[in-house]
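So you can see what is in the structure, the chains are spelled out below.
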Amino acid sequence: MRVALFITCVNDTLYPRTGRAVVTLLERLGVEVGFPPEQSCCGQPHFNTGYRHETEPLVRRYAAAFQDYDYVVTPSGSCAAMVRDNYPRIGAKAAAEGRGQELTELAAAAVPKTYELTEFLTDVLKVTDVGAYYPHTVTYHPTCHGLRMLRLGDRPRRLLAAVKGLELLELPGAEECCGFGGTFAVKNAAVSAAMGADKARNITATGAETVCTVDNSCQMHIGGTLARQGSTVRPVHIAEILASTEGDVW
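Scoring rules and cut-offs
Residues numbered from 1 in each chain as written. Predicted model: local features only at pLDDT ≥ 70, side-chain atom pairs only at ≥ 80, totals over all residues. Heavy atoms only, no water. 1 Å grid on protein atoms, 1.4 Å probe; cavity = no way out; pocket = protein on both sides within 12 Å on 5 of 7 lines; lining within 4 Å. Points joined across faces, edges and corners; volume = space filled by probe spheres on them. Nonpolar A, V, L, I, M, F, W, Y, C, P; charged D, E, K, R; others polar. Domains from an automatic or database assignment. UniProt positions renumbered as here; feature names shortened; annotations may be inferred. Helix = DSSP H or I, 4+ residues; strand = E, 2+ residues; numbered from the N terminus. Contact = heavy atoms within 4.5 Å. Buried area = accessible area lost by both parts, 1.4 Å probe. Salt bridge = Lys/Arg side-chain N within 4 Å of Asp/Glu carboxyl O. Polar contact = N/O pair within 3.5 Å; in protein donor to acceptor, adjacent residues only side chain to side chain. Buried < 20%, exposed > 50% of the residue type's maximum accessible area, 1.4 Å probe, protein only. Pairing = 2+ DSSP bridges.

J.: How should I be thinking about the layout of surface pockets in this particular structure?
T.: Summary: where empty space remains is shown by rolling a probe the size of a single water molecule over the atoms. Within this model, the largest pocket holds a volume of roughly 500 Å³. Forming the walls of the largest pocket are 26 residues, and the residues nearest its centre are Gln44, Ser78, Phe180, Gly182 and Ser217. For the lining of the largest pocket, a count of residues per class yields 11 nonpolar, 14 polar and one charged. For the lining of the largest pocket, the domains that each give at least three residues are domain 1 (3–124) and domain 2 (137–243).

Below, the structure written as structure tokens:
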């Protein structure tokens with residue numbers, strides 16, 4: 001199979017370590033990973049802010065960048081959800097406006113091969129024990145896009161449960177939003193900060209050393225809030241945990 005890494009804007013700009021962890025993990029599992037340099041933003045910030053027409057060139061770019069790959073794997077539930085849920089909507093809107101079927105066809109090609117990392121591991125590679133070692137207490141925050149749009153369910157938890165040395169602690173109010181929401185955090189800063197504060201307090205209350213997410217964007221919001229509260233809990237993307245081994249803990 002030909003597998004491409006879709007790194008996403010937040011990961012590429014702020015958390016490149018996560019992308020390296022994904023490659024390390026997949027290569028350890030025998031997957032050859034490609035990285036088409038033509039990739040760029042999935043268009044989520046534009047689309048969520050109401051600029052649907054401005055998102056269309058990014059749909060075309062995504063489809064072109066990954067057209068030669070069987071699977072596209074991303075360490076971002078929100079960006080995977082953008083492709084899978086909103087690209088078909090963009091195509092349908094364009095067709096309804098009398099602008100043809102091009103975007104619909106591009107979405108139809110891109111959607112079935114786009115996977116969030118934990119989906120790809122459990123549903124395509126059919127693994128839960130990836131040979132990881134992470135000797136820490138961990139609590140897991142299920143991000144909104146992964147939980148509600150991708151319906152990841154217990155996939156991340158099953159992967160974490162199989163990690164040697166890891167103790168998984170329950171997070172109170174786990175399914176409540178952390179408050180980031182992309183542009184929501186900018187437009188509704190006070191509400192976003194209050195939601196983040198509640199989430200951070202619940203995380204700290206678990207006594208965990210680490211809080212794990214499947215989205216660096218949520219990790220960024222949670223991490224900043226934890227730091228302002230003086231918490232010592234370390235925010236980590238699940239890819240970094242799963243990439244860790246006894247000889248190399250990330």
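Read on, since the account is not over.
J.: Which parts of the structure should I look at to understand the UniProt feature "domain: Cysteine-rich" (unreviewed entry) in the protein?
T.: Per the UniProt record, "domain: Cysteine-rich" (unreviewed entry) is annotated on residues 3–83 and 138–222. Annotated as residues 3–83, this span is 56% helix and 11% strand, and its ends, taken at the C-alpha atoms, are 17 Å apart. Across residues 138–222, helical content stands at 48% and strand content at 12%; the span's end C-alpha atoms are separated by 14 Å.

J.: How should the domain arrangement of the protein be read in this particular structure?
T.: Accessible area lost during the coming together of the parts is what is often quoted as the interface size. Annotation of the protein at the domain level lists domain 1 (3–124) and domain 2 (137–243). Taking the mean C-alpha position of each, domain 1 and domain 2 sit 22 Å from one another. Counting residues at the interface gives 30 residues for domain 1, matched by 23 residues for domain 2. Carbon and sulfur atoms make up 61% of the surface buried where domain 1 meets domain 2, a total of about 2,100 Å² over both sides. Considering only the side of domain 1, the residues that lose the most area to domain 2 are Tyr15, Thr118 and Thr122, jointly responsible for 21% of the buried surface there. Linking Arg17 and Glu240 is a salt bridge whose minimum nitrogen-to-oxygen distance equals 3.0 Å. One can count 11 residue pairs in polar contact (both at pLDDT 80 or more) joining domain 1 with domain 2. Listing elements by their share of the side of domain 1 that touches domain 2, those giving two or more residues are α1 (9–14), α2 (16–28), α3 (44–48), α5 (77–96) and α7 (117–124). Ranked by residue count, the leading element in the side of domain 1 that touches domain 2 is α2, at seven residues. When the residues that make up the side of domain 1 that touches domain 2 are grouped by side-chain class, the tally is 12 nonpolar, 11 polar and seven charged.

J.: What exactly am I supposed to notice about unusual backbone geometry here?
T.: What is expected of a backbone is that most residues other than glycine have negative phi and most peptide bonds are trans. At Thr8, a position not held by glycine, the phi torsion is positive, near 75 degrees. Among the secondary structure elements, Thr8 is positioned in the loop between β1 (3–5) and α1. Taking relative accessible area as the criterion, Thr8 reaches 4% and is therefore assigned buried. For Arg151, which is not glycine, the phi torsion reads 55 degrees and is therefore positive. For Arg151, the location among the structural elements is in the loop between α8 (144–149) and α9 (155–161).

J.: Honestly, the pairing of strand β5 (residues 137–140) in this entry has me stumped. Any pointers?
T.: Strand residues, when the strand is regular, have side chains that alternate between the two faces of the sheet. Going residue by residue along β5, you find Thr137 and Thr139 tucked away on one face and Val138 and Tyr140 tucked away on the opposite face as well. Where β5 meets strand β6 (residues 167–169), three bridges bridge the pair, whose relative direction is parallel. Note on β6: the bridge partner recorded for Thr137 is Glu167. Pairing between β5 and strand β7 (residues 210–213): three bridges, direction parallel.

J.: What is the right way to read the pattern of salt bridges from this model?
T.: Two side chains bearing opposite charge may form a pair once their charged atoms approach each other closely. Evaluation of the coordinates by the stated rule reveals 12 salt bridges. Ionic pairing is found between Arg99 and Glu97, a salt bridge with its closest N-O pair at 2.8 Å. On the accessibility criterion, Glu97 (36% relative accessible area) is partly exposed. Across the pair Lys164 and Glu246 runs a salt bridge, and its minimum N-O distance is 2.8 Å. Here the residue Lys164 occupies a position in the loop between α9 and β6, and Glu246 occupies one in the segment after α13 (238–243), the gap between them amounting to 82 residues.

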